[in-house]
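# Residue-level structure breakdown
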Amino acid sequence: MNRHFHSELEDLKARLIVMGERALEILDTSVNGLLQQDIQLCEAAIAMDDEIDNLEVEIDKEAMRYLTLRSPVASDLRLIKVSIKTGINFERIGDESTSIAKRTRKMLAAGPITLDLLNLEQMSTYTKEMLSAALDLFISPDLDKAIALCQRDKLVDELNQKNFDGFADQVVNDPVSAKLLLELSLISKALERVADHATNVAEELIYLIKGEEIKGKTVKSIVI
Amino acid sequence: MPIESQPIENILNRAEDTYEEKATQIEIENLSFWYGSNKVLHHLNLSIPEKTVTAFIGPSGCGKSTLLRCMNRMNDMIENSRYEGSIKVMGQDIFDPKLHVIELRKRVGMVFQKSNPFPKSIYENVIYGLKIAGLGEKSALDEVAERSLRNAALWDEVKDRLHESAFTLSGGQMQRLCIARALAIEPDIILMDEPCSSLDPIATANIEELIYQLKSRYTIIIVTHNMQQAARVSDKTAFFYLGELIEYDLTENIFMKPKDEKTEDYVSGRFG
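Residues numbered from 1 in each chain as written. Chains lettered and ligands numbered in written order. Predicted model: local features only at pLDDT ≥ 70, side-chain atom pairs only at ≥ 80, totals over all residues. Heavy atoms only, no water.

## Points about the overall build of chain A
Summing up its helical and strand segments, chain A has 7 helices and 0 strands in all. In terms of overall size, chain A behaves like a compact globule, its C-alpha atoms giving a radius of gyration of 19 Å where 224 residues would be expected to give roughly 17 Å. Taking all 224 residues of chain A together, the buried fraction comes to 48%. Contacts in chain A between residues at least 24 apart in sequence constitute 84% of all its contacts with a sequence separation of at least 6. Entry remark: accessible area of chain A is about 10,300 Å², with carbon and sulfur atoms responsible for 53%. (Helix = DSSP H or I, 4+ residues; strand = E, 2+ residues; numbered from the N terminus. Rg over C-alpha atoms; globule rule 2.2 N^0.38 Å. Buried < 20%, exposed > 50% of the residue type's maximum accessible area, 1.4 Å probe, protein only. Contact = heavy atoms within 4.5 Å. Areas by Shrake-Rupley, 256 points an atom, 1.4 Å probe, with all protein chains shown as cover.)

## Some words on unusual backbone geometry
Residues and elements named next belong to chain B. With a phi close to 50°, Lys-51 is a non-glycine residue in the positive phi region. Within the secondary structure layout, Lys-51 lies in the loop between strand S2 (38-49) and strand S3 (53-57). In this model, Arg-73 sits at a positive phi of 55°, which is unusual for a non-glycine residue. For Arg-73, the location among the structural elements is in the loop between helix H2 (64-70) and strand S4 (81-89).

## Some thoughts on the side chain of Lys-64 of chain B
All names here are of chain B. Along the chain, Lys-64 turns up in helix H2. Glu-194 provides the closest opposite charge to the buried, unpaired Lys-64, separated from it by 5.5 Å. A polar contact of 2.9 Å, which involves the side chain of Lys-64, links it to the backbone oxygen of Gly-58. What Lys-64 contacts, discounting residues up to four positions off in sequence, is Phe-56, Ile-57, Gly-58, Pro-59, Val-223, Thr-224, His-225 and Phe-240. (Lys, Arg positive; Asp, Glu negative; His and termini not counted. Salt bridge = Lys/Arg side-chain N within 4 Å of Asp/Glu carboxyl O. Polar contact = N/O pair within 3.5 Å; in protein donor to acceptor, adjacent residues only side chain to side chain.)

## As for the interface of chain B and chain A
Every contact between the two is made by 21 residues of chain B and, on the other side, 21 residues of chain A. Each partner contributes to the roughly 1,900 Å² buried at the junction of chain B and chain A, and carbon and sulfur atoms together form 60% of this total. Our count for the contact surface shared by chain B and chain A stands at 3 salt bridges. With a closest N to O distance of 2.5 Å, Arg-3 of chain A and Glu-208 of chain B form a salt bridge. The interface formed by chain B and chain A contains 6 residue pairs in polar contact (both at pLDDT 80 or more). Only helix H1 (8-18), helix H8 (201-214), helix H9 (227-233) and helix H10 (251-256) of chain B provide two or more residues apiece to the side of chain B that touches chain A. (Buried area = accessible area lost by both parts, 1.4 Å probe.)

## What about the pattern of salt bridges?
Residue and element names in this part refer to chain B. Across all of its chains, the model carries 33 salt bridges over all chains by this definition. The partner of Lys-131 in a salt bridge is Glu-124, with the nearest N and O atoms 3.5 Å apart. Owing to a relative accessible area of 25%, Glu-124 belongs among the partly exposed residues under this scheme.

## Focus: helix H3 (residues 74-109) of chain A
Helical geometry: 3.6 residues make up each α-helical turn, so side chains three or four residues apart lie on a common side. Taking 1.5 Å of rise per residue, 36 residues should cover 52 Å, and H3 of chain A covers 53 Å from first to last C-alpha, within 8% of that figure. Within two residues after H3 of chain A, Gly-111 of chain A carries a phi angle of roughly 125°, on the positive side. (Expected span 1.5 Å × (residues − 1).)

## Some thoughts on the sheet that holds strand S1 (residues 24-35) of chain B
All names here are of chain B. Read from one edge to the other, the open sheet built from 4 strands follows the order S2-S1-S4-S5, with strand pairing classed as antiparallel. The strands lining the two open edges of the sheet, one partner per strand, are S2 and strand S5 (92-93). Across 2 bridges, the pairing between S4 and S5 is antiparallel. Bridge pairing in S5 places Lys-88 opposite Asp-93. (Pairing = 2+ DSSP bridges.)

## What to know about the confidence of the model for chain A
A residue-level look at chain A finds 96% of positions with pLDDT of 70 or above and a mean pLDDT of 93. Per-element confidence in chain A ranges from a low mean pLDDT of 54 for helix H7 (residues 219-223) of chain A to a high of 97 for H3 of chain A. (pLDDT = per-residue confidence, 0-100.)

## A look at the packing of H3 of chain A against helix H6 (residues 178-210) of chain A
Where H3 of chain A contacts H6 of chain A, the axes come no closer than 9 Å and their chain directions differ by 170°. By the criterion of interaxial angle, the relationship of H3 of chain A to H6 of chain A is roughly antiparallel. (Axes fitted to C-alpha atoms, helices over the stretch in contact; angles between N-to-C directions. Parallel < 35°, antiparallel > 145°, perpendicular 65-115°, else oblique.)

## Notes on the side chain of Asn-89 of chain A
Residues and elements named next belong to chain A. One can find Asn-89 in helix H3. Overall, the relative accessible area of 8% leaves Asn-89 in the buried class. At 2.9 Å, the side chain of Asn-89 forms a polar contact with the side chain of His-197. Within the local environment of Asn-89, its side chain forms a polar contact with the side chain of Asn-200, the two groups lying 3.0 Å apart. Those residues in contact with Asn-89 that sit more than four places away from it in its chain are His-197, Asn-200 and Val-201.

## Re a nonpolar patch on the surface
A grouping of Met-64, Leu-67 and Leu-77 of chain A together with Met-256 of chain B is seen on the molecular surface, where their side chains present a nonpolar patch of about 310 Å² in accessible area. For Met-256 of chain B, the location among the structural elements is in helix H10. (Patch = residues over 30% accessible without salt bridge, like charges linked within 9 Å, V, L, I, M, F, W, Y side chains within 5 Å.)

## Some remarks on the sheet that holds strand S7 (residues 189-193) of chain B
Residue and element names in this part refer to chain B. Taken together, the 6 strands give an open sheet; going across it, the order is S6-S7-S8-S3-S9-S10, and neighbouring strands pair in mixed fashion. Here the strands that pair on one side only, and so sit at the sheet edges, are strand S6 (108-111) and strand S10 (244-250). Sheet twist, expressed as the mean angle between neighbouring strand axes with direction ignored, is 20°. Alignment of S3 against strand S9 (residues 236-241), held across 4 bridges, turns out to be parallel. Among the inter-strand pairings, Phe-56 is bridged to a residue of S9, identified as Ala-238. Those strands touched by helix H7 (residues 171-184) are S6 and S7, and its axis lies near 170° from that of S6.

## A word on the packing of aromatic side chains
Geometrically, a pair of aromatic rings is defined through the distance of the ring centres and the angle of the planes. All chains considered together, the criterion is met by 6 aromatic pairs over all chains. Pairing Phe-5 of chain A with Tyr-66 of chain A gives two aromatic rings, centres 6.2 Å apart and planes at 75°, and the pair type is edge-to-face. Here Phe-5 of chain A, found in the segment before helix H1 (6-35), pairs with Tyr-66 of chain A, found in helix H2 (residues 39-69); they are 61 residues apart in sequence, far enough to count as distant. When the centroid spacing of 5.1 Å and the interplanar angle of 70° are considered together, the rings of Phe-56 of chain B and Phe-240 of chain B count as edge-to-face. Remark: Phe-240 of chain B occurs in strand S9 and Phe-56 of chain B occurs in strand S3; sequence separation between them is 184 residues. Residue Phe-56 of chain B is classed as buried on the basis of its relative accessible area, which comes to 0%. Between the NZ or CZ atom of Lys-81 of chain A and the centre of the ring of Tyr-207 of chain A, over which it lies, the distance is 4.0 Å. (Phe/Tyr/Trp six-rings, centres within 6.5 Å; stacked < 30°, edge-to-face > 60°. Lys NZ or Arg CZ within 6 Å of the ring centre and 35° of its normal.)

Printed below as a string of structure tokens:
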């Protein structure tokens, strides 16, 4: 039997998807601000963050309301928990993207960026793909795709490490650009964190599908 | 339209639409009630909006069922009972000596804790009130019986056995039959005194869904000991303790951020 309040869960899921789309949009805009050296895109990304923050508050409120009034159990209960935690991850993606936009704006204020961005473009492509894949999983849950998404996080971690080493090397050769190189290194770290949050979302979706927490477990044990 | 394709405004505005304020249908003013010398309701004041579900909750003996029975003057039959104050239903004082109690009960129907079908057929049970009121034309009675059973979500289950005894129905079906009987007289208000207390979870869910569907046309007041049920089905909740109204608010406020410490203790199970 479908209860009248089950539609509220669909609404909650729809809000999460909207929030995820906004997170993808802010990430895309802030990264384009960096790659195209466009201050207006940076400003646009910074302006988007409030909407994401408000969506997190709404999702939290609706999830708490459902938890209190509808006595959810089983997959309904798991969806409530996943909604709250995923809302936090999307909100953090908004924060990291805002951080990328603000750092870029600060660098561009001093003039065009002529430094080598190393693997930042490749990292941003991976993180956007990961976040987009996480959103697809909300619409069509798929355990294999969720596990594959978690495994991609390592690639972004490796690129971040390469960036850190590369920017550090440049500081030695070009100490005058040390501040800019530090900003780029922090942008790299922000992208790495976005990938972590996208991975967290995939892990939450695995929990939603399987009912098991997978943090700290090997991929092999998840598949079994 | 799949929810993913709907404009975000539609989704975001839905929650606010749910609790729009409605006109008052029942106004209880300074109501006190005694069984003999025992005062069981103390100066109650309560405005109940139309076409909503209001839940009365509280520990046994708090007066919630007494108040419910005051609303269609079921307590009149209890010797040595008396009241002070007033209850107005759509502006009419129900204690007005000129008001005929039968007329009141046509407007304020009641469903009891234990389903109480008459020892008659399913059909006869539904139309009993109308027959008593003198409506005898068969086609009209048939129409009311079908409409009432449909509105009580029972028609599909009984349409081929209308003339079988009501006692052949399951507990949940009997309770829905009693709701159909209450609906047949076309009341404005339906009082429900623990309507699911003797039903299994599936029959309970059926009644709760029925309550949700009926609230678009009727004002429903439900007394329940099951707080999760109050949370699931009602728009507003009143918490009573020792004959006093402790708190009355939107259900989500009562269960998420009650203002009174007694309400907090009761809904969180810390009472006593």
